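Working through the structure, step by step
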Amino acid sequence: MRTPLVIGNWKMHGTLAEARALASAVRDGLRRPRGVEPVLCPPFTALAAVAEILGNGPIRLGAQNCHDEPSGAHTGEISAAMLVDLGARYVLLGHSERRREMGESDAQINRKVRAALVHGLTPVLCVGETGEERRQGLTFTTVEGQLRAGLADVPADGPAKIVFAYEPVWAIGTGVQATPTQAAEVHGYLRGLLSELTSKEAAQAIRILYGGSVNADNADGLFAEPEVDGALVGGASLNPQAFITIVRKAARAGAAARGE
Ligand code: 13P
């Protein structure tokens, strides 16, 4: 069974004081989360402060990006090694906002995925089609290309150490979520590819999250799909109560799937 994972991607939001307040509220609301793994991805400026607030508790720390080199003359960049040093366990890679705004290529994202793995940081590799690609029937082609390129030259045991996130670009920050059926269809397709690239058994253990306008109201429907192993939450993760509710719903759906 896959333990549901719910990641809050705070994106470029919040002062240090706001980050501290948000992390404290989430920590206090999720003292003993059972059967679910919550993760917070604050902006770089708040990582150290949030790390301190989360301590050795059950909520994990993640970053929103990393560079592919361990160190060097890369002004303004942060390496996977630096993130591990801060206590981060996860790093978001290939987010569509970075693909679009920073022009990140599949090749660059692949280098980052490999760098994260080398440093023991779990990459959360994001894939997703634009609205136009979906209209043209290119959803599977797009996500397959992103997944295969993202995993190029990754060691054989690599995919099992990666979390995947299906984030349709048209659903991010729009209030229009993919329907649970649409999400399950793409997740199933991605898992099929992962079976091919690893083994059926290994692919069954890999977590595939859905992201795009997830909130406390629509989370249940998504988590009811056995192929949806949790969520990558943007806007709603800035509201502690909403994020806590989504985490609890993921835990409940996981327990129901186990027949508890
Ligand atoms: P929203 O939840 O705000 O749509 O953002 C999703 C996302 O991009 C998470 O990485």
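Our subject is the structure that appears above.
Residues numbered from 1 in each chain as written. Predicted model: local features only at pLDDT ≥ 70, side-chain atom pairs only at ≥ 80, totals over all residues. Heavy atoms only, no water.

1. Brief notes about the overall build of the protein chain
Counting its secondary structure elements, the protein chain contains 11 helices and eight strands. Its C-alpha atoms give the protein chain a radius of gyration of 17 Å, near enough to 18 Å, the size a compact globule of 260 residues would have. Overall, the C-alpha framework of the protein chain stretches about 50 × 45 × 35 Å when taken along its three principal axes. Evaluated residue by residue, the protein chain yields a buried proportion of 52% over its 260 residues. Within the protein chain, contacts between residues separated by at least 24 positions form 71% of all contacts whose residues are at least 6 apart in sequence. With an accessible surface of roughly 11,600 Å², the protein chain has 51% of that area assigned to carbon and sulfur atoms. Within the protein chain, the 28 negative side-chain charges are centred at a point lying 6 Å from the centre of the 26 positive side-chain charges. (Helix = DSSP H or I, 4+ residues; strand = E, 2+ residues; numbered from the N terminus. Rg over C-alpha atoms; globule rule 2.2 N^0.38 Å. Buried < 20%, exposed > 50% of the residue type's maximum accessible area, 1.4 Å probe, protein only. Contact = heavy atoms within 4.5 Å. Areas by Shrake-Rupley, 256 points an atom, 1.4 Å probe, with all protein chains shown as cover. Lys, Arg positive; Asp, Glu negative; His and termini not counted. Charge placed at Lys NZ, Arg CZ, Asp CG, Glu CD.)

2. Concerning the pattern of salt bridges
Scanning the model with the defined rule gives 19 salt bridges in all. Linking Arg2 and Asp229 is a salt bridge whose minimum nitrogen-to-oxygen distance equals 2.8 Å. Here Asp229 lies in the loop between α10 (219–223) and β8 (230–233) and Arg2 lies in the segment before β1 (5–9), a separation of 227 residues in the sequence. Among the residues examined, Asp229 registers a relative accessible area of 5% and is labelled buried. One salt bridge in this structure joins Arg207 and Glu37, with 3.0 Å as the shortest N-O distance. (Salt bridge = Lys/Arg side-chain N within 4 Å of Asp/Glu carboxyl O.)

3. What about the side chain of Arg207?
You can see Arg207 is positioned in the loop between α9 (200–205) and β7 (208–211). Its relative accessible area of 16% is what places Arg207 among the buried residues. From its side chain, Arg207 meets the backbone oxygen of Thr3 in a polar contact 2.9 Å long. Within polar-contact distance, the side chain of Arg207 engages the side chain of Glu37 at 3.0 Å. Non-local contacts of Arg207, meaning those with residues more than four positions away in its chain, are made with Arg2, Thr3, Pro4, Leu5, Glu37, Tyr90, Val163, Phe164 and Asp229. (Polar contact = N/O pair within 3.5 Å; in protein donor to acceptor, adjacent residues only side chain to side chain.)

4. As for the nonpolar core
Within the largest apolar cluster, 66 residues are counted, with the highest numbers of intra-cluster contacts made by Val6, Leu40, Val50, Phe164, Leu190, Tyr210 and Phe223. By residue number, the principal contributor to this core is helix α11 (residues 240–257), which donates eight residues. Not counting chain neighbours up to four residues away, the residues in contact with Leu40 comprise Gly8, Trp10, Ala23, Val26, Val50, Leu54, Ile59, Arg60, Leu61, Gly62 and Phe243. (Core = buried A, V, L, I, M, F, W, Y, C linked by side-chain atoms within 4.5 Å.)

5. Side note on the packing of helix α1 (residues 16–29) against helix α2 (residues 47–54)
Two elements in contact, α1 and α2, have axes separated by 9 Å at closest approach and are oriented at 25°. In terms of axis orientation, α1 runs roughly parallel to α2. Of the two elements, α1 crosses α2, and the hand of that crossing is right-handed. Between α1 and α2, the residues in contact are Leu16, Ala19, Arg20, Ala23, Ser24 and Arg27 and Ala49, Val50, Ile53 and Leu54, respectively. (Axes fitted to C-alpha atoms, helices over the stretch in contact; angles between N-to-C directions. Parallel < 35°, antiparallel > 145°, perpendicular 65-115°, else oblique. Left-handed = near helix turned anticlockwise from the far one by under 90°.)

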